[in-house]
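# Topology and contacts: notes
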Amino acid sequence: MASSSSSTAPSHPVVFTTQTPYALPSQKFMIPLDWKRYQLSQLINKALDLPKPIPFDFLVHGEILRTSLWEWRAEKGVGEEDTLEIEYFESVMPPQRMSELPHEEWVSSVSCRIPQHFVTASYDGHLRVFDYSQNPVLNAFVHQAPITSVCVVPSLSSDTESRILASGSHDLTACLTRISLSSESPTASTIASLHLHTSPLSSISSDASGSHLLTSSWDGLIGVWDTSIPDDHQVNLERGDDRKKRRKTVPAIIKRKAPIAVLKSHTARVSKALFAAGEPAKGKAYSCGFDSTVRTWDVESGVCINTINVPERPMLDLAETPDGNVLLAASTDRTVSIFDLRVSSLSSSTGMMMHPATPSCIATSESGKQQVVTGSYDGVARLWDLRSTKGAVTSFRVWDGMKVLAVDWVGDVVGIGGEGGMEVWRIAGGS
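Residues numbered from 1 in each chain as written. Predicted model: local features only at pLDDT ≥ 70, side-chain atom pairs only at ≥ 80, totals over all residues. Heavy atoms only, no water.

What follows deals with the overall build of the protein chain. Within the protein chain, the regular secondary structure consists of 3 helices and 35 strands. Scaling as 2.2 N^0.38, a compact globule of 431 residues should have a C-alpha radius of gyration of about 22 Å, and the protein chain matches this with 24 Å. For the protein chain, the spread of C-alpha atoms along the principal axes amounts to about 85 × 50 × 40 Å. Looking at the protein chain as a whole, 54% of its 431 residues are labelled buried. In the protein chain, of all internal contacts separated by at least 6 residues, the share reaching a separation of at least 24 is 51%. When the accessible surface of the protein chain is totalled, it reaches about 19,500 Å², and 48% of it is carbon and sulfur. Here the protein chain contributes 39 positive and 47 negative side-chain charges, whose respective centroids are spaced 4 Å apart. (Helix = DSSP H or I, 4+ residues; strand = E, 2+ residues; numbered from the N terminus. Rg over C-alpha atoms; globule rule 2.2 N^0.38 Å. Buried < 20%, exposed > 50% of the residue type's maximum accessible area, 1.4 Å probe, protein only. Contact = heavy atoms within 4.5 Å. Areas by Shrake-Rupley, 256 points an atom, 1.4 Å probe, with all protein chains shown as cover. Lys, Arg positive; Asp, Glu negative; His and termini not counted. Charge placed at Lys NZ, Arg CZ, Asp CG, Glu CD.)

This is how it looks when you write it as structure tokens:
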């Protein structure tokens, strides 16, 4: 049993574990009870003899240690002889603001899914692409009304310059826009419009292969679409005056598509629909809405196979961890509900993250980490660790007096959109 300090405080037996590459040999340490995170981190670094210091955070019984071990033990009523198992992981460095991309109108949706580029969707009906040097690369007028959502449709093609952007709008349509990021002459052309909904669209998302899309709308419906471009129109122009005015500027080359299926079960507006992650969940989708439910769908049959009711929590956004284990839903009651999908016959949330203002958007880390970023109406983005959700790991103010409406996270880059335009932040570390 290793003694760890000359501290005069009483000691407590501790065993350290980690999922990082920086594992200690299995042994028991006697840790002074007045130690906090900093001293524990120093111990790990010294024991490993790391050439460059790495700051670590510590989980005790599923909570990040924010006090001394003495205070923690007193609060939890843990006995003096009970060996504590403490997991350590790399600390997240304070987020850094990297750049600002001003917009004249609100930015409702952002994507960091094109390497070295950012995509924004705005209330002026435009899709814009910027490079990492903040240079505007493309500016395409796609919709006649505010755009609410944009996603980059994954492609198996080796052509890295050509991409398809899918967008949803208040003009009751979604569009597929082909962009070329050729350094000589970038171009954008809308190639298809998607017609189903009778109210504004709230979200559009793609499956991992890029072959299918989901749209959600205030009309309570979810549309399922393939991404093929038809030779002929699948939907006739409607005769209503308002529809004629809205579509009279649409070129004939833009093919009108119909959905391959419609998912009906929500009793109020649907805020978000997305395909389930991972091969075991292939063919499933999830959705949330203002009816305070999270629903699971069998997409092929079009049947809702599970409904989780969370009373009086109208939901604004939904995200899934890449491993497919956890769903997160942002609600107007200032919470993000956590749903552990590994729990059999799940009927309610399994945890929550409290916010001081309404959380509007959620992004999960794709690198297998346990962290989540949320954006809120108070202009603040918050980083959370799903292993300890009593409080945010850190928070960073994006704007004063302006709402955060969208967030995306790829690698260590976090793109944030809202009433102040778009900002790019860097989050490094964590595990």
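Right, let's get into the pairing of strand 14 (residues 173-180). With 6 of its 8 residues buried, strand 14 lies for the most part within the structure. Sheet analysis places strand 13 (residues 162-169) next to strand 14, joined by 7 bridges and oriented antiparallel. Bridge pairing in strand 14 places S162 opposite S180. Both strand 14 and strand 15 (residues 187-195) contribute to a ladder of 8 bridges, which runs antiparallel. (Pairing = 2+ DSSP bridges.)

Here the focus is unusual backbone geometry. Not every positive phi belongs to a glycine, and Q116 is a case in point at roughly 65°. Of note, Q116 is situated in the loop between strand 8 (107-111) and strand 9 (117-122).

Using the criterion set out here, one finds 17 salt bridges in the structure. Among the ionic pairs, R397 bridges to D400, the shortest N-O distance being 3.6 Å. Assessed through its relative accessible area of 42%, R397 is described here as partly exposed. Classification of D400 by relative accessible area gives exposed; the value is 60%. (Salt bridge = Lys/Arg side-chain N within 4 Å of Asp/Glu carboxyl O.)

A few words now on the sheet that holds strand 12 (residues 147-153). The strands making up a sheet are joined through hydrogen bonds of the backbone, oriented either antiparallel or parallel. Read from one edge to the other, the open sheet built from 5 strands follows the order 12-13-14-15-19, with strand pairing classed as mixed. A single partner strand is all that each edge strand has here, and the edge strands are strand 12 and strand 19 (255-257). Taking the axes of each pair of neighbouring strands and ignoring which way they run, one obtains an average angle of 25° across the sheet. (Axes fitted to C-alpha atoms, helices over the stretch in contact; angles between N-to-C directions.)

Before going further, it helps to spend a moment on the sheet that holds strand 20 (residues 261-264). Strand order across the open sheet formed by 4 strands is 16-17-18-20, with antiparallel pairing between neighbours. Every interior strand has two partners, whereas the edge strands, strand 16 (201-206) and strand 20, have only one. With strand direction ignored, the average angle separating the axes of adjacent strands in the sheet is 20°. With 4 bridges joining them, strand 18 (residues 221-226) and strand 20 adopt antiparallel strand pairing. Residue pairing across strands places V224 opposite A261, the latter belonging to strand 20.

With that settled, consider the packing of aromatic side chains. With the rule as written, the count across this model stands at 9 aromatic pairs. A connected cluster of aromatic rings, assembled from ring pairs, spans F16, Y22, F29, F56, F58 and Y88. Residue placement shows R387 over the ring face of F89; its charged tip is 4.3 Å from the ring centre. Above the plane of the ring of Y377 lies K403, whose end atom (NZ or CZ) is 4.4 Å from the centre. (Phe/Tyr/Trp six-rings, centres within 6.5 Å; stacked < 30°, edge-to-face > 60°. Lys NZ or Arg CZ within 6 Å of the ring centre and 35° of its normal.)

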